[in-house]
Amino acid sequence: MTVPEASATVAVELERLRGTVSTGFAEVKGSLSVLVERSDRNERDLQQLRADTEKDLGELRADVESLKRARWPLAAIGALTGIVGAAAGVMALLAR
């Protein structure tokens, strides 16, 4: 094998290697593009989920507040019942 034949063989192998490397980089770049797109989509989905969750929590808080305002004052009703019962007992004792 002479020097020009060896150079030609080396040049062919280098060109083949360059093609392989270029193909590999193109595949990696494509995979990274897909990952970036998925990441962007996940970020948008997460922002939408946060907005929906905050909206639902706001509605739930409003519902809880309306329930608190509409609940019966059990302590006052219990005290009133006790007073009425005591008064009825006293009246029953005095009526004898």
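Here, the structure is the one placed above.
As the structure is a computational prediction, the values presented were derived from the model and not from experiment.

Undergrad: I'd love a proper account of the overall build of the chain, names of residues and values included.
TA: Along the chain, the regular secondary structure elements total two helices and zero strands. Taken over the C-alpha trace, the chain has a radius of gyration of 41 Å; the compact-globule value for 96 residues is 12 Å, which it surpasses by more than 25%. Summarising its shape, the C-alpha atoms of the chain cover approximately 140 × 20 × 10 Å along the three principal directions. Per element, the accessible surface of the chain, about 8700 Å² overall, is 65% carbon and sulfur.

Undergrad: Could you give an account of the pattern of salt bridges, with specific residues and numbers?
TA: Counted under the stated rule, the structure contains four salt bridges. Of the charged contacts in the structure, one is a salt bridge between arginine 18 and glutamate 15, with a shortest N-O distance of 3.0 Å. Taken as a pair, arginine 18 and glutamate 15 lie in helix H1 (residues 3-70) at a separation of three residues, close to a single helical turn. Overall, glutamate 15 belongs to the partly exposed group, its relative accessible area being 45%. Between glutamate 65 and lysine 68 there is a salt bridge, with its nearest N and O atoms 3.8 Å apart. Here lysine 68 and glutamate 65 lie together in helix H1, a separation of three residues that amounts to about one turn.

Undergrad: Go over a negative patch on the surface, please, and point to the residues and values.
TA: The grouping of Asp52, Asp56, Glu59 and Asp63 at the surface amounts to a negative patch. By the secondary structure assignment, aspartate 56 is in helix H1. The class of aspartate 56 is partly exposed, set by a relative accessible area of 46%.

What counts, and at which threshold
- Residues numbered from 1 in each chain as written.
- Predicted model: local features only at pLDDT ≥ 70, side-chain atom pairs only at ≥ 80, totals over all residues.
- Heavy atoms only, no water.
- Helix = DSSP H or I, 4+ residues; strand = E, 2+ residues; numbered from the N terminus.
- Rg over C-alpha atoms; globule rule 2.2 N^0.38 Å.
- Areas by Shrake-Rupley, 256 points an atom, 1.4 Å probe, with all protein chains shown as cover.
- Salt bridge = Lys/Arg side-chain N within 4 Å of Asp/Glu carboxyl O.
- Buried < 20%, exposed > 50% of the residue type's maximum accessible area, 1.4 Å probe, protein only.
- Patch = residues over 30% accessible without salt bridge, like charges linked within 9 Å, V, L, I, M, F, W, Y side chains within 5 Å.
- Lys, Arg positive; Asp, Glu negative; His and termini not counted.
- Charge placed at Lys NZ, Arg CZ, Asp CG, Glu CD.

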